[in-house]
Amino acid sequence: MATFGNLSDRLAETFKNLRTKGKLSAADVDGTVREIRRALLDADVALEVVKDFTGKVRERALGDEVSKALNPAQQVVKIVNEELVEILGGQQRRLEFAKKPPTIIMLAGLQGAGKTTLAGKLAKWLAKDGHTPILVAADLQRPNAVTQLEVVGAQAGVPVYAPQPGNGVGNPVTVARDGVKYAQQKMHDVVIVDTAGRLGVDAEMMKQAADIRKAIDPDEVLFVIDAMIGQDAVATARAFQDGVDFTGVVLSKLDGDARGGAALSVASITGRPIMFASTGESLDDFEPFHPDRMASRILD
Ligand code: GDP
């Protein structure tokens, strides 16, 4: 994955040096941990996450599991892998469907994060799995957002509930609520509600998202974050966690060549799992996120 290419190379180099050693001294472990720390920081992983991560790796690497291992270097790599899986959220977390349909999924995030595109990706993916999703256009901020969602819906082959004149235009909370009602009437089993974002965190936007959340009581609130936004990822994620309290994270634009480490920090910092990864502009560039697979890719 392009985003983590550099991090991957740096870690591979570190482990290559380690492999030439037989038994590992405390100095070997410290040297390795220092290199891992630098590689993670250079990849933009948040400092507090790096500290926590390297602390755990160091403690384990100095312990019995390494000194008693037949191949100590390999054991250290295994530890790094396990701890990486942990910061990425541990177990894979799947979507939780409502016992009584429809399952309501709300999307939140900054403007340009990839919410509208994600709405189409998620709908297409769900439809392929036998679900009958509908999209609700509650992003009334951007002039083109409703049209864009309609285009995405057509590409995904799923219907879109869009504001009609006289039907609460201008009020995204009403549109979201009516969209959910419409979905119930038409027996759709999943409703995906697209909401407005701003270029930066903004109190009014956050209140609107919180109001929509309160009005539709979603089963999942997915916070979409652009892996390219670098260090801002952490502050943005915290603001959305406080403002709307999401249930899961979607990393978008993982196909980009920016250092994606900040986005990798989000699960660990917010305690919310990364559930999906978006890897391109096409609706098929999308996959459920598996922490273990991502860790293996990074350490490949
Ligand atoms: P929104 O403002 O959050 O609804 O963001 P959009 O869905 O409109 O996406 C903003 C831009 O990013 C659009 O040009 C999308 O085509 C693009 N985009 C969305 N997801 C991805 C992705 O995973 N990779 C890449 N390369 N571009 C993406």
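Residues numbered from 1 in each chain as written. Predicted model: local features only at pLDDT ≥ 70, side-chain atom pairs only at ≥ 80, totals over all residues. Heavy atoms only, no water.

Chemist: Help me out: how do you make sense of the overall build of the protein in this one?
Modeler: Across its full length, the protein carries 12 helices and eight strands. For 300 residues, the compact-globule estimate of 2.2 N^0.38 gives 19 Å, and the protein sits close to it at 21 Å. Across its three principal axes, the protein shows a C-alpha extent of roughly 75 × 40 × 30 Å. Going through the 300 residues of the protein one by one, you find that 52% of them count as buried. (Helix = DSSP H or I, 4+ residues; strand = E, 2+ residues; numbered from the N terminus. Rg over C-alpha atoms; globule rule 2.2 N^0.38 Å. Buried < 20%, exposed > 50% of the residue type's maximum accessible area, 1.4 Å probe, protein only.)

Chemist: How should the site of the ligand be read in this particular structure?
Modeler: Taken together, 17 residues are adjacent to the ligand, and Gly-112, Thr-116, Thr-117, Asp-255 and Glu-281 come closest. Gly-114 has a polar backbone atom sitting 2.9 Å from an oxygen atom of the ligand. Contact between the ligand and Lys-253: an oxygen atom at 3.0 Å from a main-chain N or O atom of the residue. Summarising the interface, the protein chains cover 81% of the accessible area of the ligand, which totals 580 Å² for the free molecule. Grouping the amino acids of the shell around the ligand by side-chain chemistry returns two nonpolar, nine polar and six charged. (Near = heavy atom within 4 Å. Polar contact = N/O pair within 3.5 Å; in protein donor to acceptor, adjacent residues only side chain to side chain. Areas by Shrake-Rupley, 256 points an atom, 1.4 Å probe, with all protein chains shown as cover. Nonpolar A, V, L, I, M, F, W, Y, C, P; charged D, E, K, R; others polar.)

Chemist: Explain helix α10 (residues 232–243) here, please?
Modeler: Helical geometry note: an α-helix holds 3.6 residues per turn, so side chains three or four residues apart project in the same direction. Under the 1.5 Å per step criterion, the end-to-end length of α10 is 16 Å for 12 residues, consistent within 8% with the ideal 16 Å. Listed in full, the buried residues belonging to α10 are Ala-233, Val-234, Thr-236, Ala-237, Phe-240 and Gln-241. An end-on view of α10 places all buried positions within 165 degrees of arc, on one side of the element. Pointing more than 90 degrees away from the buried face of α10 are the exposed residues Asp-232, Ala-235 and Asp-242. Next to the buried residues of α10 lie β1 (103–108), α9 (203–216), β5 (220–226) and α11 (261–270). (Expected span 1.5 Å × (residues − 1). Arc of directions from axis to C-beta. Contact = heavy atoms within 4.5 Å.)

Chemist: How should I be thinking about the pairing of strand β4 (residues 190–195) in this particular structure?
Modeler: Side-chain positions along a regular strand alternate between the two faces of the sheet. The element β4 is largely enclosed, with a buried count of six among its six residues. Both faces of β4 are covered, namely the face carrying Val-190, Ile-192 and Asp-194 and the face carrying Val-191, Val-193 and Thr-195. Examined bridge by bridge, strand β2 (residues 133–138) and β4 share six bridges and lie parallel to one another. For Ala-138, the partnering residue across the bridge sits in β4 and is Thr-195. (Pairing = 2+ DSSP bridges.)

Chemist: Is there a simple way to explain the side chain of Gln-75 in this structure?
Modeler: Mapped onto the secondary structure, Gln-75 falls in helix α5 (residues 72–87). With sequence-adjacent residues up to four places away left out, Gln-75 is seen in contact with Glu-65, Val-66 and Ala-69.

Chemist: Would you explain the pattern of salt bridges in this entry?
Modeler: Pairs can form between side chains of opposite charge whenever their charged atoms are close. Within this structure, the stated rule accounts for 21 salt bridges. Among the ionic pairs, Glu-13 bridges to Lys-16, the shortest N-O distance being 3.8 Å. In this pair, Glu-13 and Lys-16 both sit in helix α1 (residues 5–19), three residues apart, roughly one turn of the helix. In this structure, Asp-245 and Arg-272 form a salt bridge, with 2.9 Å as the shortest nitrogen-oxygen distance. Separated by 27 residues along the polypeptide, Asp-245 in the loop between α10 and β6 (248–252) and Arg-272 in the loop between α11 and β7 (274–278) bring together distant segments of the chain. You can call Asp-245 partly exposed: its relative accessible area is 33%. By sharing partners, the salt bridges in this structure join Arg-60, Glu-65, Lys-78, Glu-82 and Glu-83 into a single network. (Salt bridge = Lys/Arg side-chain N within 4 Å of Asp/Glu carboxyl O.)

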